Every structure is written in C-alpha cells, then in structure tokens.
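Below are the chains, spelled out letter by letter.
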Amino acid sequence: MRAENRCVYVSGMDRKRADLIADELEGLILEGTYKDGARLDEVQLAERFEVSRTPVREALQRLSQSGLVEQIPRRGVFVRQPGPVELLEMFEVMAELEAASARLAASRISDQALSDLHVANSRCDEAVAAQDADGYYLENERFHAILYRQSGNGFLEQECLRLYRRLQPFRRMQLRARGRLPQSMAEHKAIVTALEKGDGEAAAVAIRGHVAVQGEKFHHLMASLKHAAE
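Now for a look at the structure at hand. Predicted model only: the values in this text are computed from it and were never measured. Sequence order as written defines the numbering, with residues in each chain counted from 1. Where local features are concerned, this predicted model is filtered to residues with pLDDT of at least 70; where side-chain atom pairs are given and counted, the filter is 80 or more; whole-chain, interface and lining totals use all residues. The side-chain quantities take in all heavy atoms of the structure and omit both hydrogens and water.

**As for the packing of helix α3 (residues 53-66) against helix α7 (residues 154-174)**
And then number 1: The contact between α3 and α7 brings their axes to 5 Å, and the two run at 90°. The angle between the axes of α3 and α7 places the two elements in the roughly perpendicular class. The residues of α7 that touch α3, namely those facing Arg62, Gln65 and Ser66, are Arg165, Arg166, Gln168, Pro169 and Arg172.
And then number 2: Taken together, the residues of the contact of α3 with α7 break down into one nonpolar, three polar and four charged. Note on definitions: angles span 0 to 180 degrees between N-to-C directions of axes, and those axes are lines fitted to C-alpha atoms, for helices only across the stretch in contact. Only DSSP runs of H or I with at least four residues qualify as helices, and only runs of E with at least two residues qualify as strands; both kinds are numbered from the N terminus onward. An angle below 35 degrees is read as roughly parallel, one above 145 as roughly antiparallel, one from 65 to 115 as roughly perpendicular, and any other as oblique. By definition in these notes, contact holds between two residues if any of their heavy atoms fall within 4.5 Å. Under the convention adopted here, Pro, Cys and the residues Ala, Val, Leu, Ile, Met, Phe, Trp and Tyr are nonpolar, Asp, Glu, Lys and Arg are charged, and Gly plus all remaining residues are polar.

**Points about the environment of valine 93**
And then number 1: Turning to its location among the elements, valine 93 is positioned in helix α4 (residues 84-108).
And then number 2: Counting along the chain gives 119 residues from valine 93 to alanine 212, while the straight-line C-alpha distance between them is 8.8 Å.

**A short note on the sheet that holds strand β3 (residues 76-79)**
And then number 1: Pairing between two strands is assigned when DSSP locates at least 2 bridges connecting them. Strand order in this open sheet of three strands is β1-β3-β2, and the pairing throughout is antiparallel. Each end of this open sheet is capped by a strand with a single partner; those strands are β1 (39-40) and β2 (69-72).
And then number 2: Alignment of β1 against β3, held across two bridges, turns out to be antiparallel. Along β3, the bridge assignment pairs arginine 39 with phenylalanine 78.
And then number 3: Contacts from α3 reach β1, β2 and β3, with the element oriented near 110° to β2.

**Description of unusual backbone geometry**
And then number 1: Look at glutamate 50: it is not a glycine, yet its phi comes out positive at around 55°.
And then number 2: Looking at the secondary structure, you find glutamate 50 in the loop between α2 (42-49) and α3.
And then number 3: Within the chain, arginine 74 stands out as a residue other than glycine whose phi angle is a positive 65°.
And then number 4: With respect to the element layout, arginine 74 can be found in the loop between β2 and β3.

**Some thoughts on α2**
And then number 1: Of all the residues in α2, the buried ones are Glu42, Leu45, Ala46 and Phe49. All buried residues of α2 fall inside an arc of 105° around its axis, so they share one side. Opposite the buried face of α2, at more than 90 degrees from it, the exposed residues are Gln44 and Glu47.
And then number 2: Under this definition, polar contacts are N or O atom pairs within 3.5 Å; protein pairs additionally need one hydrogen-donor-capable and one acceptor-capable atom, and for neighbouring residues in sequence, both atoms have to be side-chain atoms. Where α2 starts, the residue carrying a side-chain oxygen 3.1 Å from the main-chain nitrogen of valine 43 turns out to be aspartate 41. Working definition: with a 1.4 Å probe on protein chains only, accessible area under 20% of the residue-type maximum means buried, over 50% means exposed, and in between means partly exposed. The arc refers to the directions leading from the helix axis to the C-beta atoms.

**Notes on the pairing of β3**
And then number 1: Alignment of β2 against β3, held across four bridges, turns out to be antiparallel. Among the inter-strand pairings, valine 69 is bridged to a residue of β3, identified as valine 79.
And then number 2: A loop of three residues connects β2 with β3, the two strands running antiparallel in sequence, and arginine 74 in this loop sits at a positive phi of about 65°.

Here is the structure:
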C-alpha cells in the first residue's frame, strides 16, 4: 500500500513539472530561443531542466495539443509557428465561437455561475493591480471556461476549449502588451453586465470584441512574433 501511494505522488509531481516545463518552453519559443522548424530533443531538454524524460515528454505533448510544436513519427518534435493569416483566421473563428457561447449563456446561465464570474473578475482585478499578466491569464482562463459551460451546449463547449488550447500561447502573449490588462478587465465586466441583463446580443458583441485580434492588438501580436523570428 505504501509503495502504491508513493507511485501516485511521483506521478503527480511529474505532471506538475511537466506543466512548468511546458510554460517555460512556450516562453522560449515565443521569445525566439527555439525558432520555427527547430527540433526539440527530449534528452537535451531533460538535461536543461534537470529532470527525467517523462515530464519533458508530457510537456511536449501539451505543446503539441496547442499546436506550438509538431510531433513527427520517427523524426522527433519540431517547433511550428503559425503564419499571420492562419493565426488571424483562428482568432476569427474563436471570436465567433465565444460569441455563440455568450449568446446562449445569456438565457441559460445560473446565478451560481454569475457569482463565479464575479469571483474570477475580482481575482483578475487583483492581478491587474499587481501587473501580473500570468496570474491574470489563469483567472481569464477560468472566466472563459465558465462561459463555455454555461452555453448549455456540450459540443460548442468542447470546440471552444479545443481552439482555446490551440491559441493559448498567443492569447497569453497579448496580455503582455502595454495597457492590455486593464482593457481586458473592462471587457470582462461588460460581458458579465450583458449576461446579468440576459442580453444575448450585447454579450456576443462584447466577447467578440474581447477575443478578436484586430487593429492594435493584431499589430502588437505580429510585431512580437516577428521579433521572435529574427
């Protein structure tokens, strides 16, 4: 029994290490340390992070799910940066999926879920005050997951989560733009206000604008990716 408990503990630690490694690799890729097409070697990464290959393998699987790397059988794992057109198209679809979620949630959301959104927003406010983009992102992720669930449409929820994971590195990058945190916070509040009023169209418009990459948000994202590629 004791040996079994120890095995579970180690597995949990490996998952935690894998998450930390995935976050750091994501940053290194977006900063340009590992450029588009670069091969990520498990052995070298295990040495770099001073861990076994297991958490490294799990970290690479997570990055593969987000599309930031590509696993090619018998060849290895390679960095894959989407081009600007592909990225813009993905954000365009994400904005419409979230707008559909918000429109449905306006008439279906529970009082408890509205309370949970307020809690998430309060924590986002704290992160804004601390200028903590990573802390904000975690609560932002929770905010959106609640909204997807409250659409009451399981298929739509899963599609939103799938594309959210795909765009995760780039959504996180956007939050580092100057002035983006308070702007995002104001958008969150507008979304919740529309949901409380049961106004599906207003909620859809608010979250579409929140998610869509256009204008200054698009230029900043492209500039960040160009800098990483140089």
